[in-house]
Amino acid sequence: MINFKILIKTIYIYVIAYLALLITILGLMCFLPRLELHMLLNSYHTSIQDTFFKYYSTLAEWPLYIIAMLPIIWKKIKATLFFAMCEMIGGGILQILKHTFCSDRPICVFEHCNNIVLPIVQGVTMHHSNSFPSGHASTFFMFCTCCVIILAYYYRRNPKVHNRMKTILFNAALFILLTLAAIGAYSRVYLSQHFLSDVCVGSIIGFVTPFLIFYLCKDKILKLKIEK
């Protein structure tokens, strides 16, 4: 049975890459004022980027939930159940924080800055309240981290048949999933729906929750024997 130690050892590249990204973001937040940082991250807009981020961001609203249910087709119900449990626990934490802080969205904050024009993408409905933390960022990282953990299970299923190419493809998949999650989180800043601090905390919730659920429920939710 794969345990938490083996899991971290298997996906250490994903964990280290996320921590490096998180440290970089925290550094930016420490050295730059919130509004200045937001405008810096929105300094370059193009019609192609506007269209891409507008639709990519919506993946966290329902498409990712549909994808998470696909394992049921192959009778892998526990994989879907794992994602559902993570989303319920993480979503609950996120909603408590949202309604505790009740922070304004960028569009409201920038209304009081007469000398700054906030970049707005046409066709995007702007929200005004409950900015902290970002639910979309949480969902993106929740989904991708769940995928990473499930991939690690199947990768570790038979370590004796591992080869260089299989390892390269596995590690490449980890980087791709982290990149997809990071792009999803950044899309919320690009669309001026959230500040960087909002997506930062949202990503932490989405990243940590699957590991917590795995640690507490691995014998019931993800039960897969591996050869040692």
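A quick note: this is a predicted structure, and the numbers were derived from the prediction, not measured.

Examining the side chain of H136
Tracing the backbone through its elements, the reader meets H136 in helix α8 (residues 135-155). Judged by relative accessible area, which is 15%, H136 ranks as buried. When residues no more than four places from it in sequence are discounted, the contact partners of H136 are S57, A60, E61 and R188.

Quick look at a nonpolar patch on the surface
Among the surface-exposed residues, W62, I66, M69, I72 and I77 lie close enough to one another that they form a single nonpolar patch of about 520 Å² accessible area. Examined against the element boundaries, W62 turns out to sit in the loop between α4 (47-57) and α5 (63-69).

Side note on the nonpolar core
If you look at the biggest cluster of nonpolar residues, it comprises 43 residues, and the most contacted ones within it are I11 and Y14. Elements that contribute at least two residues to this core include exactly α2 (12-31), α5, α6 (77-101), α8, α9 (164-190) and α10 (196-217). Other than its neighbours up to four places away in sequence, Y14 contacts F141, C144, T145, V148, L174, L178 and F207. Among the nonpolar cores identified, the runner-up in size contains 13 residues, and F53, C108, L118 and V121 belong to it.

Focus on the confidence of the model for the protein
Averaged over every residue, the pLDDT of the protein is 90; residues scoring 70 or more account for 93%. Within the protein, no element has a lower average pLDDT than helix α1 (residues 4-10), which sits at 87, and none a higher one than α2, at 97. Here residues 224-228 is a poorly scored stretch, pLDDT under 50, and it has 16 contacts once near neighbours within four places are set aside; other chains count.

Description of unusual backbone geometry
When glycine is set aside, most residues are seen to have a negative phi, and most peptide bonds are trans. Here the residue pair F132 and P133 is connected by a cis peptide bond, since its omega of -5° sits within 30 degrees of zero. Along the chain, P133 falls in the loop between α7 (106-109) and α8. Positive phi is not limited to glycine here, since N130 has a value of about 55°. Position of N130 among the secondary structure elements: in the loop between α7 and α8.

Looking at the packing of α8 against α10
For any two helices packed against each other, one specifies the crossing angle of their axes together with the interaxial distance. It is at 7 Å that the axes of α8 and α10 come closest, and there the two elements cross at 30°. In terms of axis orientation, α8 runs roughly parallel to α10. The two elements α8 and α10 cross, and the hand of that crossing is right-handed. Listed contacts from α10 to A137, S138, F141, M142, T145, C146, I149 and Y153 of α8 are V199, G202, S203, I205, G206, F207, T209, P210, F211 and F214. Counted by class, the contact of α8 with α10 contains 12 nonpolar, six polar and no charged residues.

What counts, and where the lines are drawn
- Residues numbered from 1 in each chain as written.
- Predicted model: local features only at pLDDT ≥ 70, side-chain atom pairs only at ≥ 80, totals over all residues.
- Heavy atoms only, no water.
- Helix = DSSP H or I, 4+ residues; strand = E, 2+ residues; numbered from the N terminus.
- Buried < 20%, exposed > 50% of the residue type's maximum accessible area, 1.4 Å probe, protein only.
- Contact = heavy atoms within 4.5 Å.
- Patch = residues over 30% accessible without salt bridge, like charges linked within 9 Å, V, L, I, M, F, W, Y side chains within 5 Å.
- Areas by Shrake-Rupley, 256 points an atom, 1.4 Å probe, with all protein chains shown as cover.
- Salt bridge = Lys/Arg side-chain N within 4 Å of Asp/Glu carboxyl O.
- Core = buried A, V, L, I, M, F, W, Y, C linked by side-chain atoms within 4.5 Å.
- pLDDT = per-residue confidence, 0-100.
- Axes fitted to C-alpha atoms, helices over the stretch in contact; angles between N-to-C directions.
- Parallel < 35°, antiparallel > 145°, perpendicular 65-115°, else oblique.
- Left-handed = near helix turned anticlockwise from the far one by under 90°.
- Nonpolar A, V, L, I, M, F, W, Y, C, P; charged D, E, K, R; others polar.

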